[in-house]
Structure formats: structure tokens, C-alpha cells
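Understanding the architecture of this molecule
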Amino acid sequence: MSEIPTDLRYTKSHEWVRLEEDGTVTVGITDHAQELLGDIVFVELPEVDMEYTAEDACCVIESVKAASDMYMPITGEVIDTNQALVDEPDMINSSPYDDGWIFRIKPADEDDVEQLLDASTYESEIADE
Amino acid sequence: MSQKTALYEKHLQQGGKIVDFAGWQMPINYGSQIEEHHQVRRDAGMFDVSHMTVVDITGEAVIPFLQYLLANDVAKLKQSGKALYSCMLNEKGGVIDDLIVYYMRDDWFRMVVNAGTRDKDLAWINQQAEKFNIAIKERDDLAMIAVQGPRGREKALQVLPVDVAQAAADLDRFFGAVSGEWFVGRTGYTGEDGFEIMLPESEVEAFWDALVEAGVRPCGLGARDTLRLEAGMNLYGTDMDETTSPLISGLGWTIAWQPAERDFIGRAAIEAEKNNGPAQKLVGLVLEDKGVLRGHQKVIVQGHGEGEVTSGTFSPTLRQAIALARVPAAIGDHCQVDIRGKLLSARVVKPVFVRDGQSCIN
């Protein structure tokens, strides 16, 4: 059974989102997503300062099996990326919610975070897969 | 309708993630493909390869038949048990399949062909056999386990039945031995030493359990693919098929041109291609930038046109991306690969990346 922290928000495409105290938003992929992908060997991070609309493909995660797109959970501008993933992309497997965070954004509207799925809704989403 | 091997329940019990492969329900991994890969390079792992097709060809005319059917020459096989890797070509010189054939006796050869090509292979072999006095029998009563890795043979020998172990213990590389209904070949598809063991389906579950007890870890088809690619071994349907000749598939070495009078299917076509100089060849690529090489990515060879990656992956042993690619024959020692619109730099190497646990690229 995969881990789904209750203090985060989620998307149907398996991203997690955390609203930080300074109003920025940290984004990664869920434990369930990393299990589906298998061993992650490369991450093509988004470029800092790029602005994306919600649901844009913004990042590519490659496992030994295949390349998968990752989608922007909410509209915003990328302000930071997790450079540690360049050499250790498998941190997404070992620590999807902490060391394996992928990028940070400045949201166009903080309230968008609230519109995403909560943990129990996400849990029932993946149970239906 | 998807088929299951006799080990299907074992795969489920051991946490195997099941996928469809060539119409078979097979484990892609049992958790981590990379850990399974390292297990084979460093110790011992095993694969259920019961989906592969084993065919016994018997009769007086079996040698002349195989000399006609295959591009490699079974006349090279002088000692009982010796194995030969060969392509089976169509008249145009395209590859119908690649296979291993073991010389058992003058009137008995055992062939192992791919699972995905079973139906067309059997149809082709039977059609060609009409002019020869031979019998063809598919051995779907046999299961097959590949035990691979530097400690694979040692661990397998501990749990093989005594008489089978005796027959297997002294095998040289690329030889096989039969013992009762069991067959052990010192062959594989990983670039490591090991055995491929055929045995009656009724005994395979107990033998699989015994191998687990002996410390041989179950590995899925995912690791099998990264291991074979590191070893520079072709995958049928990916690196070559009926539209590509062995000459442009890195398999020229498997064609026996001598004796010149041996007439095998496809000879005329590939002889003409050889004389004209093949326009393409299969090479190895090592990506110098970060990223992952994948099948069908475009290869750009400055001044000589374009080619295509046929198989690509992240190499767990080398920790960088490697690939087999079909490219213009005039390629130099560098090229570029188009990965999602970015041109990344790759080095061209002999297509063997890892053998016996050691890197072959410098």
C-alpha cells in the first residue's frame, strides 16, 4: 500500500503539491507514481523562470522502462528545481515526498492549491485504477 | 488469449509484476529491475524463459536440412552438445528469427527460437522440411529456467538432480548436455556465465524453489533486457526483423560463407548485398550527455545522413545511457541523437558494453 500524506494535495496525474508558509508551492510525484514507474534513472527538470499553465507537460521522468511526462498541477512560474536529482534521480523512488521533491513554483493564485484533490480523494482515485 | 508458464503462480507469490510479453503473462520485475540487474552481474539471478520455443529436429537428413535452413553452418559442430547461434533467413535475406541450435547426435538437433515468432517459425520450418526426411517436434512439455551470473553455475549445481549435475559440471561454454528428460546448456542472454536449464514442467516449481533456497534471485524480463543490451546482444523484432539483413544488424559474423557451394536460404540476396557493400551497419552508442537513449530516436551522422536507435536504455552497470543503432556505414566515432528535440552527443563504440561483469568501453 503506498503512502499518501494527509497534509498534501494531489492531482489525478499523480503529482503532489505542498503550499509552503512563504506562499510558494513545492511539487513532486506520489509514492504510487514512483512505484508504477519503477527505478528512476533521469529527470529532465523544467527551466527556472518558465511560466506554465495547469496541466502543461513541464518535466520528463525516465525510469529504466520508459519516459513519462509530468504535468504542472497549477498555473505558476518555476522558481527552483531540485538539482540533487541530476546525480541521484532515484531519490524520487526512495523519498518521493521529501528529498525527491522536483520543483518549486510561485503560483498565479494560491487558492488553486485548495482546488486539488485531498488525500482521501486521491486514495480512492488510485484504488479505481 | 494470453498464456501462462508453469511458474506463473510462483511469480505472483514472489511479487512479480506481470505484463503481457509476446502473448505470455510474464514478470517484468519483482520490485526493482536495477537490483535484479546487479544481482546477475555480481552474484546469481534466474529468469523463467519457459515461453521460449524448443524444437527437436530428428532424422537422417537433419544435417543437410539445417545447412539449408540456417545462415550459419551446423557442419561446424563436431562435438556432441555444442551450440551454434544462427539467423534463419527468408529468400530476400531478411531475418525470420535468430536462434540457438544444439548438436545432440547426427540425427538429433535441438533448436531454441523466440516466443513471439513461434507460429511463423514453425510454419516456415515445416514448409522447408517437406523436401527432407526429418521429423519436427515442438517440446512444449519442457519448462526452461536461465540461471545467470558469476555464481550461477555453482549455485545451480548444488540443487540440480545428481545425475544432471554430473552432466552439467564439466560443460565448456556454449555446450549443452542431456540427462534423462533434463537438458542443461552453458549459454545465456546476459553476458554472464550461467546455465539454461530445460526440464519437465511437472518438476519446475520444486526446482525453482530449490534455486531460491540456494540464493538465486528471481529476475524479470526488464533486467533481462538491460543485461542483454549491455552485453550487445540483439533482440529480435527490435534490432532486426524480416526487413533487415544480418549484414546491417551486426550479425554478419554469424553467416558461414564457406563452403561457397553450401546453398542456404537467403544466400543469394545477402551475397549480393555484401558485394555491393551494405549501406548501413549496427553500432553501439554511449550517450555523453545526460539523458536516456530509447528505441526509434533519430541519429544524426554529420555529412552522411541519418540513422535510428534500435534499442536503448540506461545501463545500470555503466550508469549512463547506451544503445544499439542502425546508422550509415560511413559513420565516424561520434554522432548526435535527437532526444525530444534536443541534439545530444553520443560516442560510437563496438556494440559490446559489458561482459563478465566488466565494462568493455573505455
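In this report, we go over the structure that sits alongside the text. (Residues numbered from 1 in each chain as written. Chains lettered and ligands numbered in written order. Predicted model: local features only at pLDDT ≥ 70, side-chain atom pairs only at ≥ 80, totals over all residues. Heavy atoms only, no water.)

Examining the overall build of chain B
Helices and strands together make up the secondary structure of chain B, namely 9 helices and 21 strands. At 20 Å, chain B has a C-alpha radius of gyration in line with the 21 Å of a compact globule built from 362 residues. Based on the C-alpha atoms only, the size of chain B along its principal axes is roughly 60 × 50 × 40 Å. Evaluated residue by residue, chain B yields a buried proportion of 57% over its 362 residues. Across chain B, the fraction of contacts at a sequence separation of at least 24, relative to all contacts at a separation of at least 6, is 66%. On chain B, roughly 14800 Å² of surface is accessible, and the fraction owed to carbon and sulfur atoms is 49%. Computed over 38 positive and 49 negative side-chain charges, the inter-centroid distance for chain B is 6 Å. (Helix = DSSP H or I, 4+ residues; strand = E, 2+ residues; numbered from the N terminus. Rg over C-alpha atoms; globule rule 2.2 N^0.38 Å. Buried < 20%, exposed > 50% of the residue type's maximum accessible area, 1.4 Å probe, protein only. Contact = heavy atoms within 4.5 Å. Areas by Shrake-Rupley, 256 points an atom, 1.4 Å probe, with all protein chains shown as cover. Lys, Arg positive; Asp, Glu negative; His and termini not counted. Charge placed at Lys NZ, Arg CZ, Asp CG, Glu CD.)

Focus on the packing of helix α2 (residues 33–42) of chain B against helix α8 (residues 221–230) of chain B
Residues and elements named next belong to chain B. Between α2 and α8, the least distance of the axes is 8 Å, while the angle of their chain directions is 50°. One way to sum up the angle between α2 and α8 is to call them oblique. Read as a crossing pair, α2 and α8 show a hand that is right-handed. Every residue of α8 that contacts α2 at Gln33, Glu36, His37, Val40 and Arg41 is listed here: Gly222, Ala223, Thr226, Leu227 and Glu230. Looking at the contact of α2 with α8 residue by residue, the class counts come to 3 nonpolar, 4 polar and 3 charged. (Axes fitted to C-alpha atoms, helices over the stretch in contact; angles between N-to-C directions. Parallel < 35°, antiparallel > 145°, perpendicular 65-115°, else oblique. Left-handed = near helix turned anticlockwise from the far one by under 90°. Nonpolar A, V, L, I, M, F, W, Y, C, P; charged D, E, K, R; others polar.)

Examining the packing of aromatic side chains
In the structure shown here, the tally under the stated rule is 8 aromatic pairs over all chains. Following the ring pairs from residue to residue traces out a cluster consisting of Phe65, Tyr68 and Phe132 of chain B. For arginine 104 of chain A, the ring lying beneath its charged end belongs to tryptophan 101 of chain A, and the centroid distance is 4.5 Å. (Phe/Tyr/Trp six-rings, centres within 6.5 Å; stacked < 30°, edge-to-face > 60°. Lys NZ or Arg CZ within 6 Å of the ring centre and 35° of its normal.)

A word on a negative patch on the surface
Residue and element names in this part refer to chain A. A surface patch of like charges, here negative, comprises Glu3, Glu88, Asp90, Asp98 and Asp99. Residue position: glutamate 3 is located in the segment before β1 (9–10). According to the relative accessible area criterion, glutamate 3 is partly exposed, its value standing at 48%. (Patch = residues over 30% accessible without salt bridge, like charges linked within 9 Å, V, L, I, M, F, W, Y side chains within 5 Å. Salt bridge = Lys/Arg side-chain N within 4 Å of Asp/Glu carboxyl O.)

Thoughts on helix α3 (residues 62–69) of chain B
All names here are of chain B. All buried positions along α3 are accounted for by Val62, Phe65, Leu66, Tyr68 and Leu69. End-on view of α3: buried residues confined to an arc of 160°, all on one side of the axis. Packed against the buried residues of α3 are β4 (53–58), β5 (83–89), β6 (95–105), β7 (108–113) and α4 (118–129). (Arc of directions from axis to C-beta.)

A short note on the pattern of salt bridges
Counted according to the given criterion, the structure contains 31 salt bridges over all chains. Where arginine 173 of chain B meets aspartate 193 of chain B, a salt bridge forms, and the shortest distance between an N and an O atom there is 3.6 Å. With a gap of 20 residues between them, arginine 173 of chain B in the loop between α6 (162–169) and β10 (176–179) and aspartate 193 of chain B in the loop between β11 (182–185) and β12 (194–200) connect regions that are remote in the sequence. Connected via shared salt-bridge partners are Glu44 and Glu62 of chain A together with Arg294, Arg340 and Lys342 of chain B.

Remarks on the sheet that holds β11 of chain B
Sheet strands line up and pair through hydrogen bonds in the backbone, either parallel or antiparallel. All names here are of chain B. The mixed open sheet is built from 6 strands, whose spatial order is β10-β11-β12-β9-β3-β13. In the strand order of this sheet, the two ends are held by β10 and β13 (217–218), each with one partner. Where β11 meets β12, 3 bridges bridge the pair, whose relative direction is antiparallel. Residue pairing for β12: phenylalanine 183 is matched across the bridge by methionine 198. Against the sheet, helix α7 (residues 201–213) engages β3 (45–48), β9 (142–148), β11, β12 and β13, with an angle of about 145° to β12. (Pairing = 2+ DSSP bridges.)

Regarding the nonpolar core
Residues and elements named next belong to chain B. Among the nonpolar cores identified, the biggest contains 32 residues, and Phe47, Leu89, Tyr102, Val112, Met144, Met198 and Ile270 are the most heavily contacted of them. Contributing elements (two or more residues each) for this core: β5, β6, β7, β9 and α8. Beyond its immediate sequence surroundings of up to four residues, phenylalanine 47 is in contact with Val40, Met144, Ile145, Ala146, Gln148, Thr190, Trp208, Cys219, Gly220, Ala223, Arg224 and Leu227. Ranked by size, the runner-up nonpolar core spans 26 residues in total, among them Val62, Tyr103, Val113 and Leu122. (Core = buried A, V, L, I, M, F, W, Y, C linked by side-chain atoms within 4.5 Å.)

Quick look at the sheet that holds strand β6 (residues 57–63) of chain A
Residue and element names in this part refer to chain A. Read across the sheet, 3 strands follow the order β4-β6-β7 without closing on themselves; strand pairing throughout is antiparallel. At either end of the open sheet lies a strand with only one pairing partner, and these are β4 (40–44) and β7 (67–71). Between one strand axis and the next, the sheet turns by 25° as a mean value, whatever way the strands run. Summarising the sheet, β4 and β6 pair through 4 bridges and their orientation is antiparallel. Bridge pairing in β6 places phenylalanine 42 opposite glutamate 62.

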